[in-house]
Amino acid sequence: MARVFLVVMDSVGIGGAPDADRFFNGEVPDAGANTVAHIARACAAGAAEEGRSGPLRLPHLAGLGLGAAVRLASGQAAPGLDVTVTGTWGAATEVSPGKDTPTGHWELAGVPGPWDWHYFPDTDPAFPPDLVAEVCRLAGTDGILGNRHAPGTAIIEDLGAEHMRTGYPICYTSADSVFQIAAHEDRFGLARLQALCAALAPKLHAMKVGRVIARPFLGTGPDNFTRTTNRRDYAIAPPAPTLCDRAQAAGCRVHAIGKIGDIFSMSGIDDVVKGTDAELMRHLSDAVSKAEDNSLTFANFVEFDSVYGHRRDVSGYACALEWFDAEIGAILPKLRAGDMMVLTADHGNDPSWIGTDHTRERVPVLVAGQGAGELGLIPFTGVAALAARHLNIPAEAS
């Protein structure tokens, strides 16, 4: 009986997107960005020595075909990753007009994004007055803080104390199609923050803003403000039935790990577990041990992106990749005969690149449990097709 484990290594791109010159970080096009290759080169050159040392060591991912996928996608070599391949491997190309999380995940699940997203301008203020007024009305405050593009940790350090004094929510955005609200879990209230984001989401979705994100934090001052794991994304629902919906309709159980439930607005999802990436890895290990036959487990590991990619931390990203490789290496032997595990990504976030935005890249498609072979260059939707075929469900919505 079939089981599929679809694991998204958030932002682990491998370069080579043919339209990368149409996507930008500031005024610089993404052409030439390559998350994995550039990290591997930095490690080989001794330029990623914080918390780790030496060449990038990913024996399990490389064995599944990561180095080969980098070369296929971009024509570039990733030092240390060219080894004998024992998995089925390829590279996937996105067609949707975006390089954000929902677009990438929807297309991996078989549904390309049909519209252009709305992005807020990188100005101060960034938000139109009517939107600010609606936030104030829903929050019951006389104003907001922020109202600009900013990294989440930095804006909390800058404005957290004023937020605690005034009670005003901290509202900010980025190069993604997002509206984020940070608030103190105790002073403002976690339930109040989530209710505010849920009430505001329909207005933002009507503007084709992809996500409203609740960003709770704790602490007493700038030196110890820390975002918690109670983040919640209020995303636009997918425009058509996804792999999750089709699997559920066919009688398969669908388990979500990480922010998958938020990304798909819980459509086609039976249950969800959240936490840090370390906690999510334990959940994935449990799922491999316990998930029932005829099930889809869909996981997202976000910290490559949120903690290291956006902060342009090459050493930290390399550490995260090596940690992930060791952990997944311990899980792979637990796969049952006939299981399929697909390791892929939703976009790039090259930590060596200019700016702080995602980078438009192809992504690896590494398949464990199905022998060795080459998939070649496939579309993102080809990942959904692989999973659907294994589960014996329709490859596309009827």
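How each quantity is defined
- Residues numbered from 1 in each chain as written.
- Predicted model: local features only at pLDDT ≥ 70, side-chain atom pairs only at ≥ 80, totals over all residues.
- Heavy atoms only, no water.
- Core = buried A, V, L, I, M, F, W, Y, C linked by side-chain atoms within 4.5 Å.
- Buried < 20%, exposed > 50% of the residue type's maximum accessible area, 1.4 Å probe, protein only.
- Helix = DSSP H or I, 4+ residues; strand = E, 2+ residues; numbered from the N terminus.
- Contact = heavy atoms within 4.5 Å.
- 1 Å grid on protein atoms, 1.4 Å probe; cavity = no way out; pocket = protein on both sides within 12 Å on 5 of 7 lines; lining within 4 Å.
- Points joined across faces, edges and corners; volume = space filled by probe spheres on them.
- Nonpolar A, V, L, I, M, F, W, Y, C, P; charged D, E, K, R; others polar.
- Pairing = 2+ DSSP bridges.
- Axes fitted to C-alpha atoms, helices over the stretch in contact; angles between N-to-C directions.

**Student:** Just checking my understanding: could you explain the nonpolar core for this structure?
**Tutor:** For soluble globular proteins, the rule of thumb is that nonpolar side chains tend to be buried together. Among the nonpolar cores identified, the biggest contains 88 residues, and L284, F324, M341 and L343 are the most heavily contacted of them. Element by element, the count of residues in this core is highest for helix 12 (residues 314-331), at eight residues. If we ignore the near neighbours within four places in the chain, the residues touching L284 are F5, V7, I257, F301, I328 and I331. Residues V132, V135, C171 and L196 belong to the second largest nonpolar core, which totals 24 residues.

**Student:** Help me understand helix 1 (residues 35-44), please; the structure alone is not making it clear to me.
**Tutor:** The element helix 1 is extensively covered by neighbouring structure, given that eight of its ten residues are classed as buried. Restricting attention to buried positions, one finds in helix 1 the residues T35, V36, A37, H38, I39, A40, A42 and C43. Summarising the contacts, the buried residues of helix 1 are in contact with helix 3 (66-74) and helix 12.

**Student:** Honestly, empty space enclosed by the protein in this entry has me stumped. Any pointers?
**Tutor:** Within this structure, the stated rule accounts for one cavity of 30 Å³ or more. Looking at the largest cavity, its volume works out to about 30 Å³. D100, P102, W117, D176, S177, V178, G210 and R211 together form the lining of the largest cavity. Counted by class, the lining of the largest cavity contains three nonpolar, two polar and three charged residues.

**Student:** Sorry, what's going on with the sheet that holds strand 12 (residues 271-273) here?
**Tutor:** Sheets are built from strands paired through backbone hydrogen bonds, the pairs being either parallel or antiparallel. In spatial order, the strands read 12-11-13-1-14-15-4-16; together these eight strands make up an open sheet with mixed pairing. With one partner strand each, in any of the chains shown, strand 12 and strand 16 (373-379) form the two edges of the open sheet. Strand-to-strand twist across the sheet, computed as the mean angle between neighbouring axes with direction ignored, equals 15°. For strand 14 (residues 340-344) and strand 15 (residues 363-368), the ladder comprises three bridges, and the chain directions are antiparallel. Bridged to L343 within strand 15 is L366.

By themselves, these are just geometric observations and shouldn't be taken as functional.
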